[in-house]
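So the chains spell out like this:
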Amino acid sequence: MFKHVISDLKLFLEVLEYLRDKPLTALRFFRWADRQTGFSHCELAFCAILEILAMNNLMRPAYSILERVINLNLHGIVDDLINRSLNMGLEQLEKILNLLLLIYTKNKMVEHAKKTFYAMAKSQVSLDVKNCNRLLKIMRDEGFLSEAREVYSTMMTCGVHPSVVTFNTMFHCFYREGKTPEAQVLLSEMKEKGVGDLDGAKKIKQEMVDAGLVPDVFTYTSLVNGCIKIGNLAMAKAFFSEMVSSGLQLDSYAYTTQMVGELKLAETSESFLLLHEEMITKGLEHDLVTYNVLVFGYCKLGDIVKARNLFLQMDYQGFRPDCVTYTCIINAYCKMGFLQEAKEVFHEMLARGVAPSVVTYTVLIHAHAVKGKLESAFSFFSKMLEKAILPNTITYNAIINGLCKNSSVEEAYKLFYEMDEKGLFPNKYSYTLLINMNCKLGRWDEALRLYSQMFERGLPLSLLLPLATSLCFLPLLMDPFPSLLYCQTGSVLELIFGTVRPSVL
């Protein structure tokens, strides 16, 4: 009887199917059969037991089964597994094929690993980046550099998120081939994808030096930008200084990147001014982004005259001021309390055909609302809706702030609920405004209800600590709009310039 089960593949598969809900029994049966004379060592038999093991997450025994598959040279199992994907499910298929790819790479079986990799990619089976990295490293070590680049390209096409190991391996491939430009583009990709940390970038730079390759301005600037992204101004300065002392000819892009760091992270703007002076001394040309950073910088310093002069210089040099430029000037005037001048710049902006953004309108709405000029604030709010520019949470907070200061309870709540209805969930500042207003009006029950709702929604309660001790202290809460509304971002610069040039800002 047992001999018949061993020799008849169809019957053997039926027995395994019967044992599907008892995976360990199925595994013992399969291992027993595997040792018997006359057993059909074919791909379908191994597919059946692997499917049962994967469904029950028994990947350790699945690993040993796949090793047995490789020892028997049953490499056609890849195609058979993919053909059975409708039966076993994509999740199980991914587990098995990634495990097989791991074994192939561990055994440095390059051709079989490549075949499995491309079969998975073609069938849209999710690839484990660690397995991909192992394949890349083997191909690099074996000298298959062009093939490694093809694998990397396929990884990107399939949406595999590269790691520091991925980039490090590909760096070596490019440099071995003498493809320095491609390697530096890779460094830029690493930065844009937010891969790894600064230590990883420093390590790559050191490997370039050890390989006798001198980092250029692009490499250093990428490192400087990476430091700024993680808030490490000291390290950004160190890389910038190293770039200068190495004798490289810095370009406008390098200076602009460092200036952004100084504006975002430095306590004072002294270094920003020095960097601009250096740019002028070296005769470096400014582009639109550089001008916008400079305009913002001088606006931040309160030197609106200098900012306006740069504004005029842009026109003279053939750079048309854009929404970012105008918003910087408008913001500066609003912060100084010169609302009429801000409106004049806004109208100039419209006259020149430059479309305002949600940030532009929000700046103007806040400036007028906080001064009690609610009619003007609502006018700007209506205009942005007419232009199909959707307000965000900060916009709503700006106008609710003005209403709360004016104790316009009904209107404030109307906008609060309107925000919620539009999917712009109120944040802690939205609640703080209403709680503060209710406390001033002596509506303690309502303040507590809002406080409880904040807690239920998982919003931070740190700003409302006084409420826990005494509701009387609520009026002493900090202004919910320090530094022009954007206290959560830490910088207006980040909001205004966030979509201008992501590679720099």
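Rules behind the numbers
Residues numbered from 1 in each chain as written. Predicted model: local features only at pLDDT ≥ 70, side-chain atom pairs only at ≥ 80, totals over all residues. Heavy atoms only, no water. Helix = DSSP H or I, 4+ residues; strand = E, 2+ residues; numbered from the N terminus. Contact = heavy atoms within 4.5 Å. Areas by Shrake-Rupley, 256 points an atom, 1.4 Å probe, with all protein chains shown as cover. UniProt positions renumbered as here; feature names shortened; annotations may be inferred. Patch = residues over 30% accessible without salt bridge, like charges linked within 9 Å, V, L, I, M, F, W, Y side chains within 5 Å. Salt bridge = Lys/Arg side-chain N within 4 Å of Asp/Glu carboxyl O. Lys, Arg positive; Asp, Glu negative; His and termini not counted. Charge placed at Lys NZ, Arg CZ, Asp CG, Glu CD. Buried < 20%, exposed > 50% of the residue type's maximum accessible area, 1.4 Å probe, protein only. Core = buried A, V, L, I, M, F, W, Y, C linked by side-chain atoms within 4.5 Å. Phe/Tyr/Trp six-rings, centres within 6.5 Å; stacked < 30°, edge-to-face > 60°. Lys NZ or Arg CZ within 6 Å of the ring centre and 35° of its normal. 1 Å grid on protein atoms, 1.4 Å probe; cavity = no way out; pocket = protein on both sides within 12 Å on 5 of 7 lines; lining within 4 Å. Points joined across faces, edges and corners; volume = space filled by probe spheres on them. Polar contact = N/O pair within 3.5 Å; in protein donor to acceptor, adjacent residues only side chain to side chain. Axes fitted to C-alpha atoms, helices over the stretch in contact; angles between N-to-C directions. Parallel < 35°, antiparallel > 145°, perpendicular 65-115°, else oblique. Left-handed = near helix turned anticlockwise from the far one by under 90°. Nonpolar A, V, L, I, M, F, W, Y, C, P; charged D, E, K, R; others polar.

Going by the annotation in an unreviewed UniProt entry, the name recorded for the protein is Pentatricopeptide repeat-containing protein, with Aristolochia fimbriata given as the source organism.

> Can you tell me about the overall build of the protein, naming the residues and giving the values?
Secondary structure assignment for the protein yields 30 helices and 0 strands. Contacts spanning at least 24 positions in sequence make up 63% of the contacts within the protein whose residues lie at least 6 apart. Of the roughly 24,200 Å² of accessible surface on the protein, 53% is carried by carbon and sulfur atoms.

> A description of the UniProt feature "repeat: PPR" (unreviewed entry) in the protein should follow, citing residues and the corresponding values.
The positions UniProt marks with the feature "repeat: PPR" (unreviewed entry) are residues 128–162, 163–197, 216–250, 287–321, 322–356, 357–391, 392–426 and 427–461. Spanning residues 392–426, this segment combines 74% helix with 0% strand, and its end C-alpha atoms are found 10 Å apart.

> Tell me what's going on with a positive patch on the surface, and back it up with residues and numbers.
Taken together, Lys-106, Lys-130, Arg-134 and Lys-137 make up a surface patch of like positive charges. No other element matches helix 10 (residues 129–141), which puts 3 residues into the positive patch. As for its placement among the helices and strands, Lys-130 is situated in helix 10. Overall, the relative accessible area of 55% leaves Lys-130 in the exposed class.

> Go over the nonpolar core with me, naming the residues and quoting the values.
Of all hydrophobic cores here, the largest spans 83 residues; its most connected members are Ile-329, Ile-330, Ile-400 and Leu-434. Not counting residues up to four positions away in its chain, the partners in contact with Ile-330 are Ala-342, Val-345, Phe-346, Met-349, Thr-360, Val-363 and Leu-364. The next biggest cluster of nonpolar side chains, apart from the first, holds 65 residues, and it includes Met-59, Val-69, Ile-70 and Leu-127.

> Tell me what's going on with the packing of aromatic side chains, and back it up with residues and numbers.
What the rule picks out here adds up to 18 aromatic pairs. Summarising the aromatic geometry, the rings of Phe-30 and Phe-46 are spaced 5.1 Å apart at their centres and angled 75 degrees between planes, so their arrangement reads as edge-to-face. Taken together, the positions of Phe-30 in helix 3 (residues 23–34) and Phe-46 in helix 4 (residues 43–55) put the pair 16 residues apart, joining distant regions of the chain. Judged on exposure class, the residue Phe-30 and its partner Phe-46 are both buried. On the basis of an interplanar angle of 85 degrees and a centroid distance of 5.2 Å, the ring pair of Phe-416 and Tyr-431 is categorised as edge-to-face. Remark: Tyr-431 occurs in helix 27 (residues 428–440) and Phe-416 occurs in helix 26 (residues 409–421); sequence separation between them is 15 residues. We note that Phe-416, like Tyr-431, is buried. Members of the aromatic cluster, joined through ring pairs, are Phe-12, Phe-29, Phe-30, Trp-32, Phe-39 and Phe-46. The positively charged end of Lys-306 is found above the aromatic ring belonging to Tyr-298, 5.7 Å away from the centroid. Across from the ring centre of Phe-311, 5.2 Å away, lies the NZ or CZ of Arg-308, which sits over that ring.

> An account of the pattern of salt bridges is needed here, citing residue identities and associated values.
Counted under the stated rule, the structure contains 11 salt bridges. One salt bridge connects Glu-111 with Lys-114, and the closest N-O pair in it is separated by 3.8 Å. Taken together, the residues span about one helical turn, with Glu-111 and Lys-114 both in helix 9 (residues 110–122) at a distance of 3 residues. The exposed category is assigned to Glu-111, whose relative accessible area is 53%. The shortest N-O distance in the salt bridge between Glu-348 and Arg-308 comes to 3.9 Å. With Glu-348 in helix 22 (residues 339–351) and Arg-308 in helix 20 (residues 304–316), this pair connects stretches of sequence that are 40 residues apart.

> How would you summarise empty space enclosed by the protein if you had to cite specific residues and measurements?
The tally for this structure, following the rule as stated, stands at 1 cavity of 30 Å³ or more. By volume, the largest cavity is sized at about 30 Å³. His-75, Val-78, Tyr-104, His-112, Lys-115 and Thr-116 are the residues that line the largest cavity. If you tally residues by element for the lining of the largest cavity, the top one is helix 9, at 3 residues.

> Provide a residue-level description of the side chain of Glu-51, including the pertinent values.
Structurally, Glu-51 can be placed in helix 4. Residue Glu-51 is classed as buried on the basis of its relative accessible area, which comes to 2%. Reaching out from Glu-51, the side chain makes a polar contact with the side chain of Arg-84 at a distance of 2.5 Å.

> An account of the packing of helix 26 against helix 27 is requested, with residue identities and associated values reported.
Remark: helix 26 packs on helix 27, axes separated minimally by 11 Å, with the N-to-C direction vectors making an angle of 160 degrees. Accordingly, the angle class assigned to the pair helix 26 and helix 27 is roughly antiparallel. The chirality of how helix 26 crosses helix 27 is left-handed. Contacts between helix 26 and helix 27 involve Val-409, Ala-412, Tyr-413, Phe-416 and Met-419 on the former and, on the latter, Ser-430, Tyr-431, Leu-434, Met-437 and Asn-438. When its residues are assigned to classes, the contact of helix 26 with helix 27 shows 8 nonpolar, 2 polar and no charged.

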